[in-house]
Amino acid sequence: MKKAIILSAGQGSRLLPLTADQPKCLIDFSGKSLIAWQIEALVANGIERIAVVTGFRDAKLDAVLAAIPQQGFSIGSLFNPFYKVADNLGSCWIARDEMDEDFIILNGDTLVSPEIVARLIAGAHRPITVTIDVKPSYDLDDMKVQREGDRLLQIGKRLEPHETNAESIGMLAFSGEGPAIFRTQVEAMMRTPEGVLNWYLKAIHALAPSGVVGTVSIEGLPWAEVDFPEDLPIARALTEGWARGG
């Protein structure tokens, strides 16, 4: 697996005023931007080509990406012109031409370690693999998952408690026929009237009954989603540990 797509078009308005003039992927955590931590984890696992979907303050993000020393890997950006009105299915549609080989897709607000990326790659046995974690209970904002063994049955924020036994952390792998399956589903959903309003994981939910979607658990490995102000100290503590080599 040599390619990754990072979805970083949004502003992150729930983190205002911190994101008034920068996308949340540029928030500094322990001396590095969120996206720099992501790129480091991906490159440590052999990723050679990274496509970043930009939107809010795209020029600022492009400048940061251009300043990253690119030794042994390359970074390119794809501008999503309707990031203000579309959900992230639109960003996937913008990046559909990049879905021409095995790849990882990563939400722009998810902090992951190299170990987590390695576990996903090692466990990507189905065409589509969703990285999941497990905890005692799940709240309304969690991207909830129902699985049976390693097979994903359902994914979505509206799953009932009795249906939920994991959560998506916001990173997936597509291998073999997976890229073509996903790209076809994205294109079909974007041709519907409500297309731009959809999460891309709605496409994964739609594909689940066919049996092509699996899961890999990273239970026990720390990660963080940066979405609300209360997530910031958690993310800083996590990256401080990584910066110290922990």
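A few points on the structure. (Residues numbered from 1 in each chain as written. Predicted model: local features only at pLDDT ≥ 70, side-chain atom pairs only at ≥ 80, totals over all residues. Heavy atoms only, no water.)

For the bond from Leu 16 to Pro 17, the omega torsion is 5°, close enough to zero to count as cis. At Ser 30, a residue that is not glycine, the phi angle is positive and equals roughly 55°. With respect to the helices and strands, the residue Ser 30 is situated in the loop between β2 (28–29) and β3 (32–33). In this model, Arg 57 sits at a positive phi of 50°, which is unusual for a non-glycine residue. (Helix = DSSP H or I, 4+ residues; strand = E, 2+ residues; numbered from the N terminus.)

The next thing to look at is the packing of aromatic side chains. Here the structure, examined in full by the defined rule, presents six aromatic pairs. Their ring planes at 65° and their centres at 6.4 Å tell us that Phe 79 and Tyr 83 sit as a pair that is edge-to-face. Within the aromatic cluster, the residues linked to one another by ring pairs are Phe 103, Phe 174, Phe 182 and Tyr 200. (Phe/Tyr/Trp six-rings, centres within 6.5 Å; stacked < 30°, edge-to-face > 60°.)

Turning to the nonpolar core, a few remarks are in order. Membership of the largest hydrophobic core comes to 33 residues, with the highest contact counts inside it found for Ile 5, Ile 105, Leu 172, Phe 182, Tyr 200 and Ile 204. Residues in contact with Ile 204, not counting those within four places in the same chain, are Ile 128, Val 130, Ile 155, Leu 172, Phe 174, Phe 182 and Val 213. Membership of the second largest hydrophobic core comes to 29 residues, among which are Ile 47, Phe 73, Val 112 and Leu 120. (Core = buried A, V, L, I, M, F, W, Y, C linked by side-chain atoms within 4.5 Å. Buried < 20%, exposed > 50% of the residue type's maximum accessible area, 1.4 Å probe, protein only. Contact = heavy atoms within 4.5 Å.)

This part is about the environment of Ala 243. Within the fold, Ala 243 resides in helix α7 (residues 231–243). Taking the C-alpha atoms as reference, Ala 243 lies 9.4 Å from Lys 32; in sequence the two are 211 residues apart. Setting aside anything within four residues of it in sequence, one finds Ala 243 in contact with Ser 30 and Trp 37.

Glancing now at the pairing of strand β4 (residues 49–54). Regular strands place their side chains on alternate faces of the sheet. Along β4, five of the six residues are buried, which leaves the element largely enclosed by surrounding structure. Across six bridges, the pairing between strand β1 (residues 3–8) and β4 is parallel. Bridge pairing in β4 links Leu 7 to Val 53. The sheet contact formed by β4 and strand β5 (residues 74–79) spans six bridges and is parallel. Looking at β5, one finds that Arg 49 is bridged to Ser 74. Read from β4 through helix α2 (residues 58–67) to β5, the crossover connection turns out right-handed. (Pairing = 2+ DSSP bridges. Right-handed = clockwise from strand over helix to strand, strands pointing away.)

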